[in-house]
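# Summary of structural features
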Amino acid sequence: MKACFYRRTSLGMIRIEEENERITRLSFESEFPDQEECEIVETACLWQAFVQLRQYLDGERQQFELILQPQGTAFQKEAWQALLDIPYGQTRTYRQQAESIGRPKAVRAIGMANHRNPIPIFIPCHRVIGSRNELVGYRGGLAMKKQLLELERTVMARQREEEIRKTVGQEEKG
């Protein structure tokens, strides 16, 4: 059964779809279909996806523990897999992503694959930036891409500060 559910988040309304307990799509409000092609029901899988999404948006989660099943070509799936290898709080250029899959000349194709990523955020295409470190292309819009990157940078900075405080505190005790 193909199921979908909607929830309001700090990013606006989000729609997540699942089939056979695998996440297949995440859509932003501007992309919602005119007619439903799935049953609107909050399955356990969709509930867990929204819980993890909220935790991520609240800065409490850095990795998702969901089974993802994006639909696409072999090349697209290869590109999307490379996105999953980009650590939280870091970015890569489209060229670096292309090089990571052994296709250094496929920069434009990588950009198109990222644009067609059916499960943004969970498959973090927002972590890919232009060659001059500029924000380019994101289905949710550049403001959302910037918001997601700033969230991750803020969480990482807070973690570094906590580690420094712990280290300083241990040195003062010692």
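Up top is the structure.
Residues numbered from 1 in each chain as written. Predicted model: local features only at pLDDT ≥ 70, side-chain atom pairs only at ≥ 80, totals over all residues. Heavy atoms only, no water.

### Some thoughts on the overall build of the protein chain
The line we're drawing: Secondary structure elements are defined from DSSP: runs of H or I of at least 4 residues count as helices, runs of E of at least 2 residues count as strands, and each element is numbered from the N terminus. With a 1.4 Å probe rolled over the protein chains alone, any residue whose accessible area is under 20% of its type maximum counts as buried; one over 50% counts as exposed, and the rest are partly exposed. Pairs of residues are marked as contacts when any of their non-hydrogen atoms sit within 4.5 Å. When charges are counted, Lys and Arg are positive and Asp and Glu negative, with His and the chain ends excluded. Every charge is mapped onto a representative atom, which is NZ of Lys, CZ of Arg, CG of Asp or CD of Glu.
Along the backbone of the protein chain there are 5 helices and 6 strands. Along the protein chain, from the amino end to the carboxyl end, the secondary structure elements read β-β-β-β-α-α-β-α-α-β-α. Seen through its principal axes, the protein chain has C-alpha atoms that stretch 65 × 40 × 25 Å. Split into buried and exposed, the 174 residues of the protein chain put 43% on the buried side. For the protein chain, restricting intrachain contacts to residue pairs at least 6 apart in sequence, the fraction spanning at least 24 positions comes to 60%. Where the 26 positive side-chain charges of the protein chain centre and where its 25 negative ones centre are 6 Å apart.

### So, the state of the cysteines
Quick reminder of the rule: Disulfides are defined as cysteine sulfur pairs within 2.5 Å.
Evaluated as defined, the whole model comprises 1 disulfide. Bridging C4 to C38, the disulfide has an S-S length of 2.1 Å. Its S-S torsion of about 85° marks the bond between C4 and C38 as right-handed, since a negative value means left-handed. Pair noted here: C4 is in strand β1 (residues 2-9) and C38 is in the loop between β3 (22-28) and β4 (39-40), with a separation of 34 residues, a long-range link. By relative accessible area, which is 12% here, C38 ends up buried. Among the cysteines around C45, which has no disulfide bond, C4 carries the closest sulfur, lying 12 Å off. No disulfide involves C125; its nearest neighbouring cysteine sulfur is the one of C45, lying 19 Å away.

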